[in-house]
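As a plain string of letters, each chain reads:
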Amino acid sequence: MHEFSISSEIVRTVLDTVEKNNGKKVLSIQLEIGELTLFNIEQVTFLIHELFKGSVAEDAEVKIKTIKARIHCKACGYKGGIRSEREDPFKHFALQTCPQCNSFQNKVEKGRECILKRIQVVR
Amino acid sequence: MKIIKSKGPEIFDIELEKALLAKNRSLAKANKKRFDRSKILAIDIMGSIGSGKTTLIKAILKKLGIGKKVAVIAGDLTTSIDAERIEVEGAHVVQVNTGKECHLDANLIHQAIDRLKLDGVKLLFIENVGNLICPGEFPLGAHKRLVVTSVTEGPYMIVKHPYIFREADVIVLNKIDLAKAMKVNPSQLQKDAKKINPNAPFIRINALSGIGIPKVINALGLKT
């Protein structure tokens with residue numbers, strides 16, 4: 001459900017930016033979302049499209065790139081990615097375990113971002 | 001912001017590089033600074049629906065007995081039931097209704113602080129919306145984060161939500177008097193909690209009767 005708040009903020013930021021830059025139409029927006037955020041990408045995409053309806057961004061393409069996670073395990077020293085969804089179906093709930101030693105004591109170095117990279121507009 | 005002209009005469013790329021979650025994190029930091037300036041200790045109380053967040057706050061307030069020096073920001077979707085329940089204990093309460101939102105965020109707290117009379121207030125409880133998922137993603141700027149879970153939520157609440165329990169400074173297991181009836185083993189829940197977060201104290205309580213409340217007060221560094 002927190003997808004709604006992040007999607008609203010994305011839409012608000014896009015429309016504000018387009019207005020400030022005298023954009024007539026938004027062609028696409030590009031986002032980067034870390035794999036360790038608790039966002040469901042499909043829901044975010046759906047909500048952005050819904051919230052864009054009736055605006056200059058109505059037909060915009062929503063491109064989302066996933067940023068791979070990188071953790072540093074304090075227990076065994078492992079540095080690198082986490083288990084894939086196939087290896088661990090509960091990834092989003094068990095996302096902090098180290099793939100080498102299963103410890104929860106690790107630092108997330110990458111993968112918690114949610115970045116609005118760029119907007120393509122017609123002026 | 002950088003504007004680059006691309007394909008065709010009137011198509012432009014606007015480079016934003018805007019970090020959206022980072023905005024909440026920086027607002028949270030600003031809230032914390034504001035609490036520090038006013039010498040207020042802020043505690044974020046998180047937990048599922050019906051775990052006993054409001055009852056815990058009430059029990060702590062009753063034990064502390066310092067009435068108006070305590071303020072509470074009560075988050076809820078639409079009602080003010082919790083705010084009214086807490087007000088009875090003499091604390092100054094501001095209700096924040098999130099409407100559709102499942103969590104409080106740093107901006108809502110920032111606005112709530114403006115509405116609170118903070119003169120003389122030394123302690124602030126922020127009761128988050130009942131949820132074990134979303135609040136983990138949105139820090140508010142509190143000095144300490146406490147998660148309440150209860151035996152009536154079953155034996156798997158902690159293993160299923162490691163994220164929020166990992167972020168907690170104090171973990172509280174409520175309704176301990178019902179453990180037997182619920183066939184839940186509190187020691188197993190404690191083991192789960194210690195595996196995810198070995199540093200957070202794990203305290204068994206019954207918020208309604210007051211069992212374990214002094215330990216919670218102690219773990220939060222509060223004085224009776």
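Look up a bit, the structure's there.
The shown structure was predicted, so the numbers you read here are calculated from the model rather than taken from an experiment.

(A) Representation of the overall build of chain B in the model. The secondary structure content of chain B amounts to 9 helices and 9 strands. If one aligns the C-alpha atoms of chain B with their principal axes, the spans along those axes are about 75 × 40 × 30 Å. The proportion of buried residues among the 224 residues of chain B is 54%. Sequence separation of at least 24 residues holds for 69% of the intrachain contacts in chain B that already meet a minimum separation of 6. Accessible area of chain B: about 10,300 Å², with a carbon and sulfur share of 54%. Each charge class in chain B can be summarised by its mean position, and for the 36 positive and 22 negative side chains these summaries are 7 Å apart.

(B) Focus on the interface of chain A and chain B. Facing the 33 residues of chain A at the interface are 35 residues of chain B. Close ionic contact of Glu 17 of chain B with Lys 117 of chain A constitutes a salt bridge, the shortest N to O distance being 2.4 Å. Applying the counting rule to chain A against chain B returns 16 residue pairs in polar contact (both at pLDDT 80 or more). A per-element tally of the side of chain A that touches chain B places strand S6 (residues 114-122) of chain A first, with 9 residues. Here the residues of the side of chain A that touches chain B sort into 18 nonpolar, 10 polar and 5 charged. As paired strands, S6 of chain A and strand S2 (residues 11-19) of chain B are joined by 7 bridges and run antiparallel to one another. Among the inter-strand pairings, Gln 120 of chain A is bridged to a residue of S2 of chain B, identified as Asp 13 of chain B.

(C) Spatial organisation of the pairing of S2 of chain B. Where strand S1 (residues 2-6) of chain B and S2 of chain B come together, 5 bridges link them in antiparallel fashion. Each residue of the ladder has a partner; that of Ile 4 of chain B, found in S2 of chain B, is Asp 13 of chain B.

(D) Region of the structure containing the environment of Cys 114 of chain A. Looking at the secondary structure, you find Cys 114 of chain A in strand S6. The buried category is assigned to Cys 114 of chain A, whose relative accessible area is 2%. In the structure, Cys 114 of chain A is positioned 62 residues away from Phe 52 of chain A in sequence and 19 Å away in space, judged by C-alpha atoms. Not counting the four nearest positions on each side in its chain, Cys 114 of chain A is found in contact with Ile 6, Glu 32, Ile 33 and Phe 39 of chain A together with Lys 18, Ala 19, Leu 20 and Leu 21 of chain B.

Calculation notes
Residues numbered from 1 in each chain as written. Chains lettered and ligands numbered in written order. Predicted model: local features only at pLDDT ≥ 70, side-chain atom pairs only at ≥ 80, totals over all residues. Heavy atoms only, no water. Helix = DSSP H or I, 4+ residues; strand = E, 2+ residues; numbered from the N terminus. Buried < 20%, exposed > 50% of the residue type's maximum accessible area, 1.4 Å probe, protein only. Contact = heavy atoms within 4.5 Å. Areas by Shrake-Rupley, 256 points an atom, 1.4 Å probe, with all protein chains shown as cover. Lys, Arg positive; Asp, Glu negative; His and termini not counted. Charge placed at Lys NZ, Arg CZ, Asp CG, Glu CD. Salt bridge = Lys/Arg side-chain N within 4 Å of Asp/Glu carboxyl O. Polar contact = N/O pair within 3.5 Å; in protein donor to acceptor, adjacent residues only side chain to side chain. Nonpolar A, V, L, I, M, F, W, Y, C, P; charged D, E, K, R; others polar. Pairing = 2+ DSSP bridges.

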